[in-house]
Amino acid sequence: MIQILLCFCLAVLAAGRSQQSSSLTGDWTGDSICVGNNPSCHDEKVVYHVSVDPADSTRVKIAADKIVNGASEWMGDVNLKYDPDKQTLTGDLQGSRYHGVWEFSVKGNVIEGTLSVFAPEKTIGRRIRVEKSVLPQKDAMITQHANGTFEVKLTPQDDKSDDKSVGRMTFEKQWHGDLEGTSKGQMLTGGDVTKGSAGYVAIEKVTGTLKGRKGTLIFQHSATMTRGEGQLTIMVVPDSGTEQLQGLTGKLTIKIENGKHFYDFEYFLPNAP
């Protein structure tokens, strides 16, 4: 069980890559409109945060938000395949109640397309149209990036349970680079990695400095692995920053190369130079 948990954590972290790249990278805003007679569907104002895998420019991820009462609510991450010749983005949607497919075309600063579901036949459920946000240079400098490496030590906890489908562990990290310090966290896991599908959630408290600014912050982890394909989201818990990190918000992405962990922390910190 211990080896399975360790392999799962590393597999999900490795699959959680997201970096900046070329014209697709950035924020895209627009509308997601319901199609057909589905009373549970609602039209939405959406913001798509698009990033491209630096190791494979055909792998694109959308972190999707919807706007509710003027505030952003994260809906989830969408992994897509980019065809530069056809200028298309496609990907599967796997849900507990249905299976679907995303199909987009890229036309300059506009991405538009559909989300279709198979119930059982392919039926369009949403039409989406978003435009790339172009910020003035002053505003574009507000978001910053911190980069570096870290080491992690995972310690499985023995809850003396016969249920092998769930597990618990603690972990410790040493952070290097723009983020210097240590962190401790707790993780809950569920699923069967031998089948290639599982999930984990975790809370991690970091103590150290961010580009010289001292304080603590808390990361919230959420990850799933579906038949070997992983999605990982790590966000700063709102209002968790202390001392010189008060007001900190942001999202952490991780990649693993040759057994070494790298991070890219995209963040906003009020009054930061």
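Note that the structure is a prediction, hence the values are computed from the model and not measured.

Cut-offs used in this document
Residues numbered from 1 in each chain as written. Predicted model: local features only at pLDDT ≥ 70, side-chain atom pairs only at ≥ 80, totals over all residues. Heavy atoms only, no water. Helix = DSSP H or I, 4+ residues; strand = E, 2+ residues; numbered from the N terminus. Buried < 20%, exposed > 50% of the residue type's maximum accessible area, 1.4 Å probe, protein only. Contact = heavy atoms within 4.5 Å. Areas by Shrake-Rupley, 256 points an atom, 1.4 Å probe, with all protein chains shown as cover. Pairing = 2+ DSSP bridges. Axes fitted to C-alpha atoms, helices over the stretch in contact; angles between N-to-C directions. Salt bridge = Lys/Arg side-chain N within 4 Å of Asp/Glu carboxyl O. Core = buried A, V, L, I, M, F, W, Y, C linked by side-chain atoms within 4.5 Å.

Novice: Mind laying out the overall build of the chain, listing which residues take part and the relevant values?
Specialist: Scanning the chain from terminus to terminus reveals 2 helices and 16 strands. Here the chain holds 273 residues, and 38% of them are scored as buried. Residue pairs at least 24 apart in sequence account for 45% of intrachain contacts in the chain once pairs closer than 6 positions are excluded. Total accessible area on the chain is roughly 15,200 Å²; 51% of this is exposed by carbon and sulfur atoms.

Novice: Tell me about the sheet that holds strand β10 (residues 166-177), residues and numbers included.
Specialist: Read once around its circumference, the closed barrel built from 8 strands follows the order β9-β10-β11-β12-β13-β14-β15-β16, with strand pairing classed as antiparallel. Adjacent strand axes in the sheet meet at a mean angle of 25°, parallel and antiparallel pairs treated alike. As paired elements, strand β13 (residues 213-226) and strand β14 (residues 229-236) share 8 bridges and run antiparallel to each other. Bridge pairing in β14 places Gln-220 opposite Met-235.

Novice: Summarise the pattern of salt bridges; cite the residues concerned and give the values.
Specialist: Enumeration over the complete set of coordinates arrives at 12 salt bridges. With its nearest N and O atoms 3.8 Å apart, the salt bridge here joins Asp-77 to Lys-251. Taken together, the positions of Asp-77 in strand β4 (residues 71-83) and Lys-251 in strand β15 (residues 249-257) put the pair 174 residues apart, joining distant regions of the chain. Accessibility assignment for this pair places Asp-77 and Lys-251 in one class, buried. The partner of Lys-173 in a salt bridge is Glu-204, with the nearest N and O atoms 3.3 Å apart. Taken together, the residues Lys-173 in strand β10 and Glu-204 in strand β12 (residues 197-210) connect sequence positions 31 residues apart. What makes Lys-173 buried here is its relative accessible area of 6%. Here Glu-204 falls in the buried class, since its relative accessible area comes to 0%. Taken together, the salt bridges that share partners define one network made up of Lys-107, Glu-112, Arg-129 and Glu-131.

Novice: So, the nonpolar core: which residues are in play, and what are the values?
Specialist: Within the largest apolar cluster, 25 residues are counted, with the highest numbers of intra-cluster contacts made by Trp-175, Leu-210, Phe-219, Leu-248, Leu-252 and Phe-265. Elements supplying a minimum of two residues to this core: β9 (144-156), β10, β11 (179-192), β12, β13, β14, β15 and β16 (260-268). Each residue touching Trp-175, except ones within four places of it in the same chain, is listed here: Thr-149, Phe-150, Glu-180, Gly-181, Thr-182, Ser-183, Glu-204, Val-206, Phe-219, Leu-252 and Tyr-263. Val-50, Val-52, Ile-111 and Ile-128 belong to the second-largest nonpolar core, a separate cluster that totals 20 residues.

Novice: So what about the sheet that holds strand β1 (residues 26-34)? Which residues, and what values?
Specialist: Judged by pairing direction, the barrel is antiparallel, and its 8 strands sit side by side in the order β1-β2-β3-β4-β5-β6-β7-β8 before closing back on the first. Geometrically, the sheet is characterised by an average inter-axis angle of 30° between neighbouring strands, direction not taken into account. The pairing of β4 with strand β5 (residues 88-94) spans 3 bridges and is antiparallel. Bridge pairing in β5 places Tyr-82 opposite Leu-89.

Novice: Now, about the pairing of β11: what can you tell me, with residues and values included?
Specialist: Bridge count for β10 against β11 is 10 bridges, and the pairing is antiparallel. In the sheet register, Thr-170 faces β11, and the bridge partner there is Gln-186. The sheet contact formed by β11 and β12 spans 14 bridges and is antiparallel. Bridge pairing in β12 links Lys-184 to Lys-205.

Interpretation in functional terms is not warranted from these geometric data alone.
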